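# What the coordinates show
If you want the building blocks of each chain, they are given just below.
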Amino acid sequence: MGLKITNYYSINFSLPKRSKKKIRFIIIHYTGMKREKSAIKKLCNHKSKVSSHYFIKKNGNILRLVPDLYEAWHAGKSSWKKKRFLNKNSIGIEIHNPGHDHGYINFSTKQIFSLKKLLIKLLYYYKINIKNVLGHSDIAPER
């Protein structure tokens, strides 16, 4: 079964395009917002100054918000080992979940399935080391 990704573009990204070989990390986040629609709206609103490359909905559907070769604004002030400001070298994946402030729930089986398929695709295509798949708390523990 193939991976279905729907384009739903955000305007929150940096120019110019980056090269494929610059992408060395995948950063996984959860939205921390009650409503899925509100989270998508925030990731696409120019005033919020945040975005991600992919958004995984509760039903497992995947939205591409920013094409991979552009820098999405998901990591902010971040670091991992000697790397700083990981936006320029990473792909960001947001998974909808209300988070601890809004009654944290387990991720759905469909979300996990979609995440696994997306990770396999990205790891292979960009030749990313599995050790470079990180969570938001790994790169920005204070936020």
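The structure under discussion appears in the preceding block.
So, here is what we can say about the structure in this document. What you are looking at is a predicted structure, and each value in this text was computed from that prediction instead of being measured.

So, how was this worked out
- Residues numbered from 1 in each chain as written.
- Predicted model: local features only at pLDDT ≥ 70, side-chain atom pairs only at ≥ 80, totals over all residues.
- Heavy atoms only, no water.
- Pairing = 2+ DSSP bridges.
- Helix = DSSP H or I, 4+ residues; strand = E, 2+ residues; numbered from the N terminus.
- Axes fitted to C-alpha atoms, helices over the stretch in contact; angles between N-to-C directions.
- Contact = heavy atoms within 4.5 Å.
- Expected span 1.5 Å × (residues − 1).
- Phe/Tyr/Trp six-rings, centres within 6.5 Å; stacked < 30°, edge-to-face > 60°.
- Buried < 20%, exposed > 50% of the residue type's maximum accessible area, 1.4 Å probe, protein only.
- Lys NZ or Arg CZ within 6 Å of the ring centre and 35° of its normal.

### Some points on the pairing of strand S3 (residues 25-30)
- Bridge count between S3 and strand S9 (residues 90-95): six bridges; the pairing is parallel. Residue pairing across strands places tyrosine 30 opposite isoleucine 95, the latter belonging to S9.

### Description of the sheet that holds strand S4 (residues 54-56)
- Pairing is mixed in the open sheet, where six strands are placed in the order S1-S5-S4-S9-S3-S10. Bordering the open sheet on either side are strand S1 (5-7) and strand S10 (133-135), each of which pairs with just one other strand. Between one strand axis and the next, the sheet turns through 25° on average, direction left out of account.
- Pairing of S1 with strand S5 (residues 62-64) involves three bridges; the strand directions are parallel. Among the inter-strand pairings, isoleucine 5 is bridged to a residue of S5, identified as isoleucine 62.
- Each of S4, S5 and S9 touches helix H1 (residues 36-44); the most contacted strand, S4, lies at about 175° to it.
- Sheet contacts for helix H2 (residues 109-126): S1, S3, S4, S5, S9 and S10; angle to S9, the most-contacted strand, approximately 175°.

### Describing H2
- For H2, which comprises 18 residues, the first-to-last C-alpha distance of 26 Å matches the rise-based estimate of 26 Å (1.5 Å per residue) to within 8%.
- In the core, the buried residues of H2 are packed alongside S1, S3, S4, S5, S9 and S10.
- One or two steps after H2, the chain reaches lysine 127, where phi turns positive at roughly 55°.

### Structural notes on the packing of aromatic side chains
- Using the criterion set out here, one finds four aromatic pairs in the structure.
- With 6.2 Å between their ring centres and 90° between their planes, tyrosine 104 and phenylalanine 107 make a pair best called edge-to-face.
- Residue classification places tyrosine 104 among the partly exposed residues on the basis of a relative accessible area of 35%.
- Given the relative accessible area of 26%, phenylalanine 107 is considered partly exposed.
- The ring of tyrosine 125 carries the charged tip of lysine 20 above its face, separated from the ring centre by 3.8 Å.

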